[in-house]
Amino acid sequence: GSSGFSVESADKKNSIKLRGLLQADSRNYFSDDNPDINNEYTLRRVRPRLQGTFFNIFDFDINTDFAPAAAVVQDAFINARIQPWFQVQAGKFKVPVSLERIQSGGDLRFVERSYVSDSIAPNRDVGLQIHGNVLNEKLNYAVGVFDGQFDGQSNGSNRDNVANADGKEIAVRVFATPFKGEDSVLEGLGFGLSATRANGSDQAVGDSYRTPGQRNIFAYNGATLTDGDKTRFSPQAYYYNGPFGLITEYIKSDTDVVRGANSDKISNDAWQIAASWVLTGENNSFRGITPKRDFDLNAGTWGAWELAVRYHQLNVDDKVFEGPAATRYASATSTTEKASSWGLGVNWYLNKNLKVQTTYEQTSFDSGVAGVQDLEDEKVLFTRLQVAF
Amino acid sequence: GSSGFSVESADKKNSIKLRGLLQADSRNYFSDDNPDINNEYTLRRVRPRLQGTFFNIFDFDINTDFAPAAAVVQDAFINARIQPWFQVQAGKFKVPVSLERIQSGGDLRFVERSYVSDSIAPNRDVGLQIHGNVLNEKLNYAVGVFDGQFDGQSNGSNRDNVANADGKEIAVRVFATPFKGEDSVLEGLGFGLSATRANGSDQAVGDSYRTPGQRNIFAYNGATLTDGDKTRFSPQAYYYNGPFGLITEYIKSDTDVVRGANSDKISNDAWQIAASWVLTGENNSFRGITPKRDFDLNAGTWGAWELAVRYHQLNVDDKVFEGPAATRYASATSTTEKASSWGLGVNWYLNKNLKVQTTYEQTSFDSGVAGVQDLEDEKVLFTRLQVAF
Amino acid sequence: GSSGFSVESADKKNSIKLRGLLQADSRNYFSDDNPDINNEYTLRRVRPRLQGTFFNIFDFDINTDFAPAAAVVQDAFINARIQPWFQVQAGKFKVPVSLERIQSGGDLRFVERSYVSDSIAPNRDVGLQIHGNVLNEKLNYAVGVFDGQFDGQSNGSNRDNVANADGKEIAVRVFATPFKGEDSVLEGLGFGLSATRANGSDQAVGDSYRTPGQRNIFAYNGATLTDGDKTRFSPQAYYYNGPFGLITEYIKSDTDVVRGANSDKISNDAWQIAASWVLTGENNSFRGITPKRDFDLNAGTWGAWELAVRYHQLNVDDKVFEGPAATRYASATSTTEKASSWGLGVNWYLNKNLKVQTTYEQTSFDSGVAGVQDLEDEKVLFTRLQVAF
């Protein structure tokens, strides 16, 4: 089925589910003067996944990923649903910051996420979170404490306390769907706010930003160290109505840094707005789209088709490019202070398990270093074949 | 069962299968002057595997492997069986070149594959393939486009475009079984032809050749770069009749290389011929052998027994050893221009899931470098205990 | 269920079981002057596991682990239960040495194992073992031959013959439960003896010892090589009676080493004694504890609670610290000749699948190097949330 294959224990009190997500992508880069950018076929996500529930209260999730060169675990957590409004979750899971990050990798409308979630928001981390739904399920909250991750990073080694020393990163998120379940044109409206805060010093700042084409365009110099607070702040919203869907979010990341004699608070930010329209009339949603009629050559039915359009932007603080290379906060090869991308997507849902996705994304860059030219526009065409269950 | 354990979705339209392949090997090297060659116990394949079908048309396969130091995915693909004669497959899978490579790692008659598939043919790659059976299922064809792999290599990182820059590697294979399903002494005859072609430059030539005992005996110098075309060509055949089986194939790999001021087309090749005889009368086949009577001490039945014999040879182009070490194409430690191996195998099929395999393989080497002695003969005895389902 | 979810083949002759173990830990270090010791959240074990049986005789076990930075396989073996008293096991599995090592990672009474199994006994290795139960199942024996592992090490790469060259490591263990199944106060008594022996030379001695807080405190200098025999010897016992449980073991590891002109037999040892008491009256056992009443807020039931206490000690031979750093066997940063730890644990079994574990462990160190101060006491509080099935 669309949500896995179940096996129950003999006493019916417990169950597990086998799930999977497989994405085979092609990436074509156009007009690339840069010989380092190669067209390629790649496995983007290969995720056998084991979920389960014990005694109707305790859930677990083990979501492995074989797309990286060495297999890793993306999610590995236990969630105790003590009450709908009071749940305790521990292990490795998505830090509750970016809206698009919380959307499953199999439900994305574009082949790659926007700058908000791909570059600035943290990805997964190991920690403990209290969360739940209150006010008639119209408000979802999450408060968590984590090892702490730099912008765009995941707790990869499962061993390192990345952001700071003995401290932790606190993450808070509230998200409201005030008209949920009501007969209103705003039924599909959701909006929220998230924030993180960590404190650390003397560690290399590991923030790393990249383009839709998955090329790194920004990193700090190895001598640029943390020197106090790291905070993030992100307002976010979505709206779904019939075949129409809209998602928008903003994120700002402030980091106290020091390099040699210089120290500053660096403010980087990003935002995105994306809309999609299901041409074949199915209901749009934050999760996936289920075709009314599955693709079937004999029956002459063609599944669901969706058009999507997006604009997103990344802004790096001017201060990181100031001064000569020998004292600059940014790495020597990082010169871009602004990246602006627009994307166009055509998504074909053959049935609830199969999807073919095509995204074209074009990015222009503004150099932040005097005398250094803007990077050439990135023009990339993605094609994805996906199985999800 | 011999082909996995199935779980169906509630609506019976979809199913998944859990499969596995586990091989525990011992390797004993005889008369080895070389202290670097150690006898060892090793896990050769540890492959939990998830296969499935959606809507009776879309297959997927996720074949993981935990035998390497870090777990990898061997196969991860989606196959759309639009028609028996028109199927589209995308993801990571075996490049359709060598006959023995296409044979499953659990069905091999010798513990390690021959030079044809282990040294020269590519292994797995990420790409897209059109394939199918035509002419009453008597002709199988496959045409694929892949990232491109050097001889004996697999797309290991899932990220790199190995063989060439923006280009791709094209692979084509046709294989005929003209008497399939007929009452003929040639019913079990199959023969075919495969070829690959890629074009690239300025990359270190990553071809790497090794002995049956899994020791590397050939690599290029790091300064030897690709400089144009890389093509392969491989005629191949098998024949099965009752308890008898025969497999033979040849492969030639031509690579345009350059090192400093010198450039050349290098032609390396390999061939093998292997025969097997099922002593207990079961039918031989390209796939596995299913014993008529399972091993059972109480019933006094002993499963199936098979004898196998093989000869194979690897030839490296003389040109790679010409000149002084400072300008030679081959790496400084590569001196063998010819390796010739004969092998003897005894295979015990306890039942459709269990197999005990013993292979003895002896290899003699010819030095291609003037004044350098031939390597000492390699004599290796393998024992394998295998579970497959 | 507590022991996995089963799927049977259609012919009922074969079955597989899906199992899992997930542990999310927090580690808090107190009074640490050392800035390298960070509090952290960490995934300790993330182990999807596939077990099965074919023809009621052949078992297999594939126990993967995604807690390390790159996923590995912990166990991968085939066991042929030819007779209860004659079983043949091949692949990668726990070397039959330490009693606590043989206890499953999900059944431990303390968050980390003692010095006996964590530092000195080998962990997993690849090899072949004959084992079984004799004398009315009152005596268990195991005799195995393995690649060979240094103290505290596992066969991690699956490729290397760690302990010695062409030789192997032999391991033997006998364990008696003479009153098993009898109506006796000694019904739950078990005691045994294990030993290993390997021979090798010219390899860096890879023994590595660590604290309960998982910090490495001892390693040899890279120039200290094996120079003959490596033997281990370990008497061991447990006793379970109603809610009470006791486990104790000793281990001694003798290694012939050489560094430059010096050579010696080094004798390191460790011992532990640990007791636990199930406060809620359930039966204690070497395996897990199953609560009489599952945790249920509505029913007002609280599962099972257990108190545990332990003392253990590690002794490193004085000889490794003798002489100047330039010729000493120990590494330059290894200065501890004795580590003594006491631990206190509170374990809460919510039901047969969920466990919350808290361990406090305090360790004092004695320096073995003249003029070098003892390491500061390690004080660590572990909390673990565990799902096992």
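Residues numbered from 1 in each chain as written. Chains lettered and ligands numbered in written order. Predicted model: local features only at pLDDT ≥ 70, side-chain atom pairs only at ≥ 80, totals over all residues. Heavy atoms only, no water.

**Notes on the confidence of the model for chain A**
And then number 1: Residues with a pLDDT of 70 or more make up 95% of chain A, whose mean pLDDT is 93.
And then number 2: Every residue in residues 158-162 of chain A scores below 50 in pLDDT, and together they form 29 contacts with partners more than four places removed in sequence or on other chains. (pLDDT = per-residue confidence, 0-100. Contact = heavy atoms within 4.5 Å.)

**Digging into unusual backbone geometry**
Residue and element names in this part refer to chain A.
And then number 1: If you check the backbone angles, Gln-214 has positive phi at about 70° while not being a glycine.
And then number 2: Along the chain, the position of Gln-214 falls in the loop between strand S11 (208-210) and strand S12 (216-219).
And then number 3: Overall, the relative accessible area of 17% leaves Gln-214 in the buried class. (Helix = DSSP H or I, 4+ residues; strand = E, 2+ residues; numbered from the N terminus. Buried < 20%, exposed > 50% of the residue type's maximum accessible area, 1.4 Å probe, protein only.)

**Side note on the interface of chain B and chain C**
And then number 1: Each partner contributes to the interface: chain B provides 37 residues, whereas chain C provides 44 residues.
And then number 2: In this assembly, chain B packs against chain C so that about 3,200 Å² is buried in total across both faces, 70% of it on carbon and sulfur atoms.
And then number 3: Three residues, Phe5(B), Tyr41(B) and Phe66(B), lead the burial of chain B against chain C; their summed loss comes to 23% of the area buried on that side.
And then number 4: Across the pair Lys13(C) and Asp294(B) runs a salt bridge, and its minimum N-O distance is 3.9 Å.
And then number 5: For the side of chain B that touches chain C, the secondary structure elements donating two or more residues are strand S1 (5-8), strand S2 (14-30), strand S3 (40-54) and strand S19 (378-388) of chain B. (Buried area = accessible area lost by both parts, 1.4 Å probe. Salt bridge = Lys/Arg side-chain N within 4 Å of Asp/Glu carboxyl O.)

**Structural notes on the relation of the copies chain B and chain C**
The operation linking the two copies of the chain is a rotation about an axis combined with a translation along the axis.
And then number 1: The operation relating chain B to chain C is a screw motion whose rotation component is 120°, with 0.0 Å of axial translation and a residual RMSD of 0.0 Å. In short, the pair behaves as if placed about a three-fold rotation axis.
And then number 2: The two copies present different faces, since only 11% of the interface residues in chain B are matched by interface residues at the equivalent positions in chain C. (Least-squares fit on C-alpha atoms with pLDDT ≥ 70 in both.)

**So, the relation of the copies chain A and chain C**
And then number 1: In screw terms, the move from chain A to chain C is a rotation of 120° and a rise of 0.0 Å along the axis, fitting with an RMSD of 0.0 Å.
And then number 2: Mapped onto chain C, only 9% of the interface residues of chain A again fall at the interface, so the copies present different surfaces.

**Section: the packing of aromatic side chains**
We describe a pair of aromatic rings using the distance from one ring centre to the other and the angle between the two ring planes.
And then number 1: Counting across every chain of the model gives 66 aromatic pairs over all chains.
And then number 2: Seen in terms of ring centroids, Phe295(A) and Trp348(A) are 5.2 Å apart; in terms of plane orientation they differ by 85°. Their pairing is edge-to-face. You can see Phe295(A) sitting in the loop between strand S15 (262-278) and strand S16 (304-315) and its partner Trp348(A) sitting in strand S17 (residues 336-349), a full 53 residues away along the chain. As far as the burial class goes, Phe295(A) and Trp348(A) line up, both buried.
And then number 3: Consider the rings of Phe218(B) and Phe321(B), whose centres lie 6.2 Å apart with planes at 80°: the pair is edge-to-face. One end of the pair, Phe218(B), is in strand S12 (residues 216-219); the other, Phe321(B), is in the loop between strand S16 (304-315) and strand S17 (336-349), and 103 residues separate them in sequence. Here Phe218(B) matches Phe321(B) in class, with each residue buried.
And then number 4: A network of ring pairs unites the aromatic residues Phe5(A), Phe389(A), Phe54(B) and Phe60(B) as a single cluster.
And then number 5: Over the aromatic face of Tyr41(B) sits the side chain of Lys168(C), whose NZ or CZ is 4.9 Å from the ring centroid. (Phe/Tyr/Trp six-rings, centres within 6.5 Å; stacked < 30°, edge-to-face > 60°. Lys NZ or Arg CZ within 6 Å of the ring centre and 35° of its normal.)

**Quick look at the pairing of strand S1 (residues 5-8) of chain C**
Residue and element names in this part refer to chain C.
And then number 1: Residue alternation in S1 divides its side chains into a buried set, Phe-5 and Val-7, and an unburied set, Ser-6 and Glu-8.
And then number 2: Bridging between S1 and strand S2 (residues 14-30) involves four bridges; their strand directions are antiparallel. Bridge pairing in S2 links Val-7 to Ile-16.
And then number 3: The hairpin turn running from S1 into S2, its antiparallel successor, is five residues long, and Lys-12 in that turn takes a positive phi close to 60°. (Pairing = 2+ DSSP bridges.)

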